[in-house]
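What follows is each chain in one-letter form.
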Amino acid sequence: KLRAASLALLVVAVAIVATGASMKAPGTPRAVTEFEKRVYALCKTVPAGKVTTYGEMAKQLNSSARAVGQAMKRNPFAP
């Protein structure tokens, strides 16, 4: 059984390499994009105890609320 499992993992690894897919381990952080850096920098300017919306942030960034929301979803600094 162990040999069959090892063979199965080898087949998967070869398929990943052959297709050019990423072999990153799950949970490996990805690079933060320039847009995301702008979103996080703007987010840090919101005073403690104050609130804002993705729409308000998007206007300041000349972007869309959806894009700001996606950047916040990927925020590696969030608890």
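Treat the numbers as computed from the prediction; the structure is a model and nothing was measured. (Residues numbered from 1 in each chain as written. Predicted model: local features only at pLDDT ≥ 70, side-chain atom pairs only at ≥ 80, totals over all residues. Heavy atoms only, no water.)

With respect to the overall build of the chain
How we decide: Strands are runs of DSSP state E lasting at least two residues, helices are runs of H or I lasting at least four, and both sets are numbered from the N terminus onward. Whether a residue is buried, partly exposed or exposed follows from its accessible area with a 1.4 Å probe, protein chains only, as a fraction of its type maximum: under 20%, in between, or over 50%, in that order. Here a residue-residue contact requires only that any non-hydrogen atoms of the pair lie within 4.5 Å.
Scanning the chain from terminus to terminus reveals four helices and zero strands. Looking at the chain as a whole, 15% of its 79 residues are labelled buried. Contacts spanning at least 24 positions in sequence make up 44% of the contacts within the chain whose residues lie at least 6 apart.

Examining the pattern of salt bridges
Oppositely charged side chains are able to pair whenever their charged atoms sit close together. Our working definition: Put simply, a salt bridge is a Lys or Arg side-chain nitrogen that is within 4 Å of an Asp or Glu carboxyl oxygen.
The full count for this structure, using the stated rule, is one salt bridge. We note a salt bridge from glutamate 34 to lysine 37, for which the minimum N-O separation is 3.4 Å. Taken together, the residues span about one helical turn, with glutamate 34 and lysine 37 both in helix H2 (residues 34-44) at a distance of three residues. On the basis of relative accessible area, glutamate 34 is assigned to the exposed category, the value being 56%. Exposure remark for lysine 37: the relative accessible area of 43% places this residue in the partly exposed category.

What about the packing of H2 against helix H3 (residues 54-61)?
Formally: Helix axes are fitted only over the stretch in contact, all axes being lines through C-alpha atoms; the angle between N-to-C directions runs from 0 to 180 degrees. Note: crossing handedness is left-handed where the near helix turns anticlockwise from the far helix by less than a right angle, and right-handed where it turns clockwise. Under the grouping applied here, Gly and all other residues not named as nonpolar or charged are polar, the nonpolar ones being Ala, Val, Leu, Ile, Met, Phe, Trp, Tyr, Cys and Pro and the charged ones Asp, Glu, Lys and Arg.
In the contact formed by H2 and H3, the axes pass within 11 Å of each other and the chain directions differ by 115°. For the pair H2 and H3, the crossing hand works out as right-handed. Contact residues: H2 offers Phe35, Arg38, Val39, Leu42 and Cys43, while H3 offers Met57, Gln60 and Leu61. The residue makeup of the contact of H2 with H3, split by class, is six nonpolar, one polar and one charged.

Looking at the nonpolar core
The condition that has to hold: What we call a nonpolar core is a set of buried Ala, Val, Leu, Ile, Met, Phe, Trp, Tyr and Cys residues that are connected through their side-chain atoms within 4.5 Å.
Counting residues in hydrophobic clusters, the biggest one holds nine residues: Val39, Tyr40, Leu42, Met57, Ala58, Leu61, Val68, Ala71 and Met72. Among the elements of the structure, H2, H3 and helix H4 (65-73) are those that each provide at least two residues to this core. If we ignore the near neighbours within four places in the chain, the residues touching methionine 57 are Val39, Leu42, Cys43, Thr52 and Val68.

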